[in-house]
Number of protein chains: 2
Amino acid sequence: MPSSRSAPVARVSQETCNPAVCAPIAEDDKRALVDAVETFIFDCDGVIWKGDSLIEGVPETIAMLRDMGKRLIFVTNNSTKSRAGYLKKFLDLGLEITADEVFSSSFAAAAYLDSIDFPRDKKVYVVGETGILGASSSSHWPPYDRELDGVGIQHLGGESDGDKKVTLASGQLMEHDPDVAAVIVGFDRNVNYYKIQYATLCIRENPGCKFIATNMDAVTHLTDAQEWAGNGSMVGAIKGSTKREPFVVGKPAPFMLDYIANKFGIKKNQICMVGDRLDTDIMFGIDGGLRTLLVLSGVTSETELQSESNSIHPDHYTSKLADLLTVKK
Amino acid sequence: MPSSRSAPVARVSQETCNPAVCAPIAEDDKRALVDAVETFIFDCDGVIWKGDSLIEGVPETIAMLRDMGKRLIFVTNNSTKSRAGYLKKFLDLGLEITADEVFSSSFAAAAYLDSIDFPRDKKVYVVGETGILGASSSSHWPPYDRELDGVGIQHLGGESDGDKKVTLASGQLMEHDPDVAAVIVGFDRNVNYYKIQYATLCIRENPGCKFIATNMDAVTHLTDAQEWAGNGSMVGAIKGSTKREPFVVGKPAPFMLDYIANKFGIKKNQICMVGDRLDTDIMFGIDGGLRTLLVLSGVTSETELQSESNSIHPDHYTSKLADLLTVKK
């Protein structure tokens, strides 16, 4: 355990969930955790909502933490919506948050290119949905609905290539733009061979072309009825033809955390990551030196957490976010 | 180098291409190689043809080797055609071969399931084109145009799922057949999210469901003008969502070689693998204990072969198959 995490709060039992069988977070530990933490980073699906339904007690818990002066940040690996798209979902569910509190992997992809001073005369090819591109005309929050557009980066691909077919006559080749200097791969339910070949050509043939993945999630909850093949499939397709590994901007890779910590000037040991997935959310928190709280309101069951085959141990766990409400004075 | 390969033919200089800079095969070594070898296994694309054009001197070389009593076998990782489809291509190009001499990875996938006594009351889901399924009505060689059908294995998917779309309403789930006990993934220019999700569901949710790849080729020569994203993309997509590794039946995996050696009762050190790709053909030969001859008429250049970064060294190399014609008496 990094020394930066164990020092500040003597009352939190650091042994609770690590590494063996453990009990849900005790009342004293809840209080100590909330007192010690300045910023809560929440995963969304499985913590805040499931599909289109708010999880019980979330608004009250959010309101309580705000009253206590905590900074709240909501992160999601889903790149199909822009920040404005997520903001709309929060507001539709009755949660009062601001666009600056939302970090999606679609935003992170654009922020990453901006952070490395991506040349503005170059272009990005996108396998993915509108969230990465931006430029939705229906947004009420235009500054937050323009991920690549918002940082002035030219792009092609995405939804406009959704219906393209490849026919293979003798001598035929697919032309590609030599000015594409990065390929971003996000979840894309309209993935097709045209997009795979276009992205492959850019990465293999344009010198120095970057390969960026919004995330590597194997499966995702597109609907509340089933797990669906996630961006691991789209990224896997491009890995398979290029033999290249992508730079990942979503959880559990560290980019979003570093970006958030720098932007707000937060010490990592004063952040608590709250999530429902061991291999993304909790790993993201552990790797980043954050405190971690697993909630069982999403995909991870108590049996999975406690099983001998699980090697990812959060600092604490509880059934749902609203369990924190008992610390209210 | 395996001892089984170095013993029989003293006149072949075993040091020629292994491991450092080497020269094209000498006349004496050509003669020794042809004398020592009972069976030649040829890769097709880059050795026999390029796209739709026959490579210079191939018919004469094939005829010479036949006259010398050599067994000839043609193997291809391409699963988009059945054996009958390939036979038609050979005959259209003026090469007289028989269907029993052709081994494609589409045939290998069916042969593999047959070899493990795949239960005939179970089914296979196919990501891929017609070659795997069989059942083309246009074939003149019906016994060789029915890969899965030919071994009596029920299948679904393939081309019939090419136009299916996924719409994601709340509560929606994709039904899948619990009797699917294997997923075969071959090159598929109509790959789409429906097929990816269907294959993912079968592999993740049907207990014991096998995951079979016709090959893992990163790129392939679909046309003679360009390299196209290969089956590495389709397999990569399913690996990405299932976190499972496939059983590979095509080169360089050993299944096809073992099948051919058993079927014809050939000793492996009496086989020479002739191919144009280091990482599939030559690797397949080296791993299988075969003699190996690289031809430069396909994708590998002499510079790549001789570069320090190349770690795959054939026993011999030459510019094209027809260079063997000089051994004719």
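Residues numbered from 1 in each chain as written. Chains lettered and ligands numbered in written order. Predicted model: local features only at pLDDT ≥ 70, side-chain atom pairs only at ≥ 80, totals over all residues. Heavy atoms only, no water.

Formally: UniProt positions are given in the numbering used here, feature names are shortened, and annotations may be inferred rather than shown by experiment.
Chain A appears in an unreviewed UniProt entry as phosphoglycolate phosphatase from Micromonas pusilla. Quoted straight from UniProt, the Catalytic activity (unreviewed entry) entry for chain A says "2-phosphoglycolate + H2O = glycolate + phosphate". Its UniProt record gives chain A the following Sequence similarities (unreviewed entry) comment, quoted word for word: "Belongs to the HAD-like hydrolase superfamily. CbbY/CbbZ/Gph/YieH family."

### Regarding the sheet that holds strand β8 (residues 180–185) of chain B
Residue and element names in this part refer to chain B. Our working rule: Two strands are counted as paired when DSSP detects at least two bridges linking them. A helix here means a DSSP run of H or I that spans at least four residues, while a strand means a run of E at least two residues long, and both kinds are numbered starting from the N terminus. By definition in these notes, contact holds between two residues if any of their heavy atoms fall within 4.5 Å. Inter-axis angles, ranging from 0 to 180 degrees, are taken between N-to-C directions of lines fitted to C-alpha atoms, where helices are fitted over the stretch in contact.
The strand order across the open sheet built from 5 strands is β7-β6-β8-β9-β12, with neighbouring strands paired in parallel fashion. Two strands lie at the open edges of the sheet, namely β7 (154–157) and β12 (247–248), each paired on one side alone. Pairing of strand β6 (residues 123–127) with β7, which is carried by 4 bridges, proceeds in the parallel orientation. Along β7, the bridge assignment pairs valine 126 with glycine 157. The sheet strands contacting helix α9 (residues 231–242) are β8 and β9 (210–213), and the helix crosses β9 at an angle near 160 degrees.

### A short note on the nonpolar core
Heads up, the condition is: Among buried residues, those of type Ala, Val, Leu, Ile, Met, Phe, Trp, Tyr and Cys that are joined through side-chain atoms within 4.5 Å constitute a nonpolar core. Note on classification: 1.4 Å probe, protein chains only; a residue is buried when its accessible area is under 20% of the maximum for its type, exposed when over 50%, partly exposed between these limits.
Judged by nonpolar contacts, the single largest core of 56 residues is most densely connected at Tyr125(A), Val183(A), Val185(A), Tyr125(B), Val183(B) and Val185(B). Val185(B) has contacts with Val127(B), Phe211(B), Ile212(B), Ala213(B), Thr214(B), Asn231(B), Met234(B), Val235(B) and Ile238(B), leaving out every residue within four places of it along the chain.

### Some details on the UniProt feature "binding site: substrate" (unreviewed entry) in chain A
Residues and elements named next belong to chain A. The feature "binding site: substrate" (unreviewed entry), as annotated in UniProt, sits at Lys251 in this numbering. With a relative accessible area of 2%, lysine 251 lands in the buried category. Beyond its immediate sequence surroundings of up to four residues, lysine 251 is in contact with Asp43, Val75, Asn77, Asn215, Asp217, Met256, Met273, Thr280, Asp281 and Phe284.

### A short note on the UniProt feature "active site" (unreviewed entry) in chain A
Residues and elements named next belong to chain A. Just so we agree on the cut-off: Any pair of N or O atoms that falls within 3.5 Å is considered a polar contact. Within protein, one atom must be able to donate a hydrogen and the other to accept it, and sequence-neighbouring residues count only if both atoms are side-chain atoms.
Mapped onto this numbering, the UniProt entry gives "active site" (unreviewed entry) at Asp43 and Asp45. Looking at the element boundaries, aspartate 43 is found in strand β1 (residues 39–43). Residue contacts for aspartate 43: discarding those within four places in its chain leaves Ile48, Val75, Lys251, Met273, Val274, Gly275, Asp276 and Asp281. Separated by 2.7 Å, the side chains of aspartate 43 and lysine 251 make a polar contact. Looking at the secondary structure, you find aspartate 45 in the loop between β1 and β2 (49–50). Its relative accessible area of 24% is what places aspartate 45 among the partly exposed residues.

### What about the relation of the copies chain B and chain A?
Quick reminder of the rule: The copies were overlaid by least squares, fitting only the C-alpha atoms of residues that reach a pLDDT of 70 or more in each copy.
Aligned on chain A, chain B shows an RMSD of 0.1 Å; the corresponding rotation is 180 degrees and the shift along the axis is 0.0 Å. The symmetry that links the two subunits is that of a two-fold axis. A high fraction, 98%, of the interface residues of chain B reappear at the interface in chain A, so the copies pair face to face through one surface.

### So, the interface of chain B and chain A
To be explicit about the condition: Two parts placed together each lose some accessible area; with a 1.4 Å probe, that loss summed over both constitutes the buried area. Take a side-chain nitrogen of Lys or Arg and a carboxyl oxygen of Asp or Glu: if they are within 4 Å of each other, that pair is a salt bridge.
The interface of chain B with chain A comprises 42 residues on the first partner and 41 residues on the second. Note on chain B versus chain A: buried area summed over both sides is about 3,400 Å², and carbon and sulfur give 56% of it. When the buried surface of chain B facing chain A is broken down by residue, Leu168(B), Tyr193(B) and Trp228(B) rank first, second and third, together holding 19% of it. If you look at where chain B meets chain A, you find 4 salt bridges. For Lys165(B), the salt bridge identified is with Asp163(A), shortest N-O distance 3.5 Å. The interface formed by chain B and chain A holds 19 residue pairs in polar contact (both at pLDDT 80 or more) in total. Breaking the side of chain B that touches chain A down by element, the ones donating at least two residues are α8 (193–205), β10 (219–223), β11 (226–229) and α9 of chain B.

### Digging into the packing of helix α9 (residues 231–242) of chain A against α9(B)
Here is the rule: For any helix crossing, the convention is left-handed if the near helix is rotated counterclockwise from the far helix by under a right angle, and right-handed if that rotation is clockwise.
Two numbers describe how α9(A) lies on α9(B): the axes approach to 6 Å, and their chain directions differ by 145 degrees. For the crossing formed where α9(A) meets α9(B), the hand is right-handed. Contacts between α9(A) and α9(B) involve Gly232(A), Ser233(A), Gly236(A), Ala237(A), Gly240(A) and Ser241(A) from the former and Gly232(B), Ser233(B), Gly236(B), Ala237(B), Gly240(B) and Ser241(B) from the latter.

### Details of the pattern of salt bridges
Enumeration according to the criterion identifies 40 salt bridges over all chains in this entry. The salt bridge partner of Arg31(A) is Asp35(A), with a shortest N-O separation of 3.6 Å. Of this pair, Arg31(A) and Asp35(A) both sit in helix α2 (residues 27–36), 4 residues apart, which is roughly one turn of the helix. Between Glu245(B) and Lys239(B) there is a salt bridge whose closest N-O contact spans 3.4 Å. In this structure Glu245(B) comes out as exposed when scored by relative accessible area, which is 57%. Under the relative-accessibility criterion, Lys239(B) is labelled partly exposed at 26%.

### Focus: the sheet that holds strand β6 (residues 123–127) of chain A
All names here are of chain A. One open sheet accounts for 5 strands, arranged β7-β6-β8-β9-β12; its pairing is parallel. Among the strands making up the open sheet, the edge pair consists of β7 (154–157) and β12 (247–248). The pairing of strand β8 (residues 180–185) with strand β9 (residues 210–213) spans 4 bridges and is parallel. Its bridge partner lying in β9, valine 183 is registered against phenylalanine 211. On top of the sheet, helix α8 (residues 193–205) reaches β6, β7, β8 and β9; it is set at about 145 degrees to β6, its chief contact. α9 contacts β8 and β9 of the sheet and is inclined by roughly 160 degrees relative to β9.

### As for the packing of aromatic side chains
In plain terms, the rule: In summary, the pairing rule links any two rings of Phe, Tyr or Trp, Trp by its six-membered ring, whose centres are within 6.5 Å, and it sorts them by plane angle into stacked for under 30 degrees, edge-to-face for over 60 and tilted for everything else. Remark: a charge is flagged as sitting over a ring if the NZ atom of Lys or the CZ atom of Arg is within 6 Å of the ring centre and within 35 degrees of the ring normal.
All chains considered together, the criterion is met by 34 aromatic pairs over all chains. Here the aromatic residues Phe103(A), Phe107(A), Tyr112(A), Phe247(A), Phe255(A), Tyr259(A) and Phe264(A) are joined through ring pairs into a cluster of three or more. Sitting over the ring of Phe264(A), Lys263(A) keeps its end group 5.8 Å from the ring centre. When the ring centre of Tyr86(B) is taken as reference, the NZ or CZ atom of Lys81(B) above it lies at 5.5 Å.

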